[in-house]
Amino acid sequence: MVTPAKQSLDGEGSSALRFSTNVQVNSSMRNWDKTTQEEGKMTGIKVLCQRRLQRKLWERGSSKTLSTEQITDEQQQAAHIEANQGEEIARSELQDSRQQPEKHEAKIDKAPTSYNMEAIVELVRLATEELRVMAVVTEPLWRHCGADDGSRILDKVAYSRMFPNLVGPRQVGFTSEVSRETARIELSPKNLVSYFMDVSNWYVMFYEIVPKARTVDVLMNPEGATDYDGTLQVMAATYQLSTPLVPNRETYFARYCKRYSENDWIVVDVSLDGVHPVPVTGCKKRPSGCLIHELPDGFSQITWVEHVDADCRAIRAMYQPLLDSSIGFGAKRWISTLERRCRQMGNDISLKAPLGEYNQLVMSSDERAQTVLLKLAAKMVLNFNSGISGLTGNWKELSGHSTDDNIRVMTRMNMRDHSLPRGTLISAASSIWLPVPPKSVFDFLRNHNSGSEPLIPYPGREWEVLSGETAVEQVCHITKGHEASYSVSIHKVLAENSSQENILLLQESCSDPVASYIVFSRLRTEDMHLILNGISSQYRPLLPSGFAVHPDGPATGTEGSGGSLLTVSFQLLVDDSPTFVPPAEMHSQAADLINLTTERIKVAVEEFLSQAALLASMNEA
């Protein structure tokens, strides 16, 4: 890894950038790579060894150029041992470096490791300046779009006049998405910065958006910096929307953090296209990120700018308005998720009356029981989203005879993930449009599914859609935060006769202006008793099912645009053996189950609308 001894991204030109001799090493390496004429005559192994040994000579200050004849068999073997790579891995490296990826999927794990530091630092400096202006300036850069909430849209003509094109022209088939949002966040700036710069923390904070992320390399990490000031790193991430109808987005970018005053930080992302060989992805980041200002109470005011070029050709028409308005992956979604997560992380826990049989037990036990229950619910939602996107856990598409291309059915052979049952799993998901605002859909499904007429098959009875006669009793309800938009509850599905046992269900419900989730799973009675004793939830296997709700476009009022996009998803255990291969018929069964459930929801919503209209007419009379 190349690390400048001194860096400055605050100068007014490239002359303000100072580099160590390591940058000159990279420059010499590039010149050497261009003038070497013998590379094509050598084996792949010898090429890699020659480059490693040559770099070591230059890093020691030697100007000597190592010729191919000087690479002895002993040096070649030593280089392999030092790099912990065998002959086959070395050949694979060389082959990967020469092949151009043809698809967007799964190409971010192999990345070049030598960097043009001078070009990258200059790119990041310009991106930082652009982001600061984008976050602060209003007219003429941002103009009112006529929405009731006072939101603004970017004036692309003004933008092109004010800023250079840092990542190149927009590719054919790609669409530009840009948005800005400001909010007060109940976290200190230092805590916020740590969530952005530490990839593990970033994943925990935004797992509904970022199901997969990693730090590829750290290019700058100033000694003594305790708040990531001056840190520059290369990252790879995949973004998702909780639906099978919108493809996942992979991106590869540099992230830089700078504290530019006593109370102000900036975290900027920018794609490395043009200054560094990058994998082919379906999403390029133009200067994006956030400005963070420390408020007098120690919390933060954050202004988020999200500016990307994305391949939207495979998006279904149902979700096109959501993406065109920059809501699906825009600044408002990031801010809304951040606000909701902060509420979930708060310490104000309350129980909703009337008390159920587990309420008093949960509150009378120590705080460990509450913590274990909330962590278990969070893991359940994480697995729910994984079952929709298929990005983690080695989910694979299951082919079948269903002609409905709105349904995605996947299978997974689970042997090691203790948060899911061991065996062969199936995940089925589909999305539909409903003529009801998102908040109404969320409230309707949360209350209706917990009552006497559930709309969705509960775990343990996956292949049987329950009749309206099945009774469901809420026995515990925990809320966190200032509002009741986030809650974790336990329900008891009462047995229809004495020969059946009651089923316990764990359910998490959370809502914000962009996304809402109602996710649940069967919970064994013995697991509930372990939770009450504060025993870790790491080995509690859960099969999540539930709903994800998004608006169908930009809001035109407090309730939204009038329509919702609803995703329904199940995860089912089809065999206890992890080596079982599901037949094609199971694809059809899962698709039929999804279709039956969505039809029940449509009918229930129509009845709800009819009753609401009747009630309104009676009130007018």
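Before any of the text, the structure's been laid out above.
Conventions we followed
- Every residue gets a number counted from 1 within its own chain, in the order that chain's sequence is written.
- Local features in a predicted model are, by the rule used here, given only for residues with pLDDT of at least 70; side-chain atom pairs are given and counted only at 80 or more, and totals for whole chains, interfaces and linings are based on all residues.
- Computation of side-chain values: all heavy atoms of the structure, hydrogens and water removed.
- Runs of E in the DSSP output that reach at least two residues are strands. Runs of H or I that reach at least four are helices, and both are numbered from the N terminus.
- Between buried and exposed lies partly exposed: a residue is buried under 20% and exposed over 50% of the maximum accessible area for its type, with that area taken using a 1.4 Å probe on protein chains only.
- Throughout, a residue-residue contact means that at least one pair of heavy atoms, one from each residue, lies within 4.5 Å.
- With residues, only the protein chains shown are counted as cover, and all accessible areas are computed by Shrake-Rupley using a 1.4 Å probe.
- Two N or O atoms count as a polar contact when they lie within 3.5 Å, although within protein this holds only if one can serve as hydrogen donor and the other as acceptor, and sequence-adjacent residues are included solely when both atoms are side-chain atoms.
- To define a nonpolar core, start from buried Ala, Val, Leu, Ile, Met, Phe, Trp, Tyr and Cys residues and group those joined through side-chain atoms within 4.5 Å.
- If DSSP finds at least two bridges between two strands, the strands pair.
- When the sulfur atoms of two cysteines come within 2.5 Å, that pair is taken as a disulfide.

Asker: In this structure, what is going on with the overall build of the chain? I would like to understand it.
Answerer: Tallying secondary structure elements over the chain gives 15 helices and 20 strands in all. Relative to its full complement of 621 residues, the chain shows a buried share of 51%. Restricting to contacts in the chain with at least 6 residues of sequence separation, those with at least 24 account for 67%. On the chain, roughly 28,400 Å² of surface is accessible, and the fraction owed to carbon and sulfur atoms is 49%.

Asker: Is there a simple way to think about the side chain of S516 in this case?
Answerer: Its place among the elements puts S516 in strand β18 (residues 516-523). By relative accessible area, which is 4% here, S516 ends up buried. One polar contact links S516 to S511, side chain to side chain, over a distance of 2.9 Å. Setting aside residues no more than four positions away along its own chain, S516 makes contact with F442, C510, S511, F547, A548 and V549.

Asker: Got a minute to help me understand the nonpolar core in this structure?
Answerer: The tendency in soluble globular proteins is for nonpolar side chains to be buried side by side. Core analysis: the largest hydrophobic core is formed by 43 residues, its most contacted members being F196, W202, F206, Y239, I302, W304 and Y319. In contact with Y239, other than residues within four places in its own chain, are W202, I209, V210, P211, N248, R249, T251, F253, K285, F329 and W334. Formed by 33 residues, the second largest nonpolar core is a distinct cluster that contains L166, V167, L219 and A236.

Asker: I would appreciate a short explanation of the pairing of strand β20 (residues 564-575) in the present structure.
Answerer: Side-chain direction in a regular strand flips from residue to residue, so the side chains alternate between the two faces of the sheet. The element β20 is largely enclosed, with a buried count of 10 among its 12 residues. Note that strand β14 (residues 423-434) and β20 share 11 bridges and pair antiparallel. Paired with A428 across the two strands is F570, which belongs to β20. Here strand β19 (residues 545-551) runs beside β20; their pairing, made up of six bridges, is antiparallel. Paired with F547 across the two strands is V568, which belongs to β20.

Asker: What is the right way to read the state of the cysteines from this model?
Answerer: Here a disulfide denotes a covalent bond joining the sulfur atom of one cysteine to the sulfur atom of another. One pass over the structure, following the stated rule, counts zero disulfides. As a non-bridged cysteine, C290 has C257 as the owner of its nearest cysteine sulfur, 8.7 Å distant. C290 gets classed as buried once you look at its relative accessible area, which sits at 3%. In this model C312 remains outside any disulfide bridge; the closest cysteine sulfur is found in C283, 8.8 Å from its own. With relative accessibility at 9%, the residue C312 sits in the buried group.

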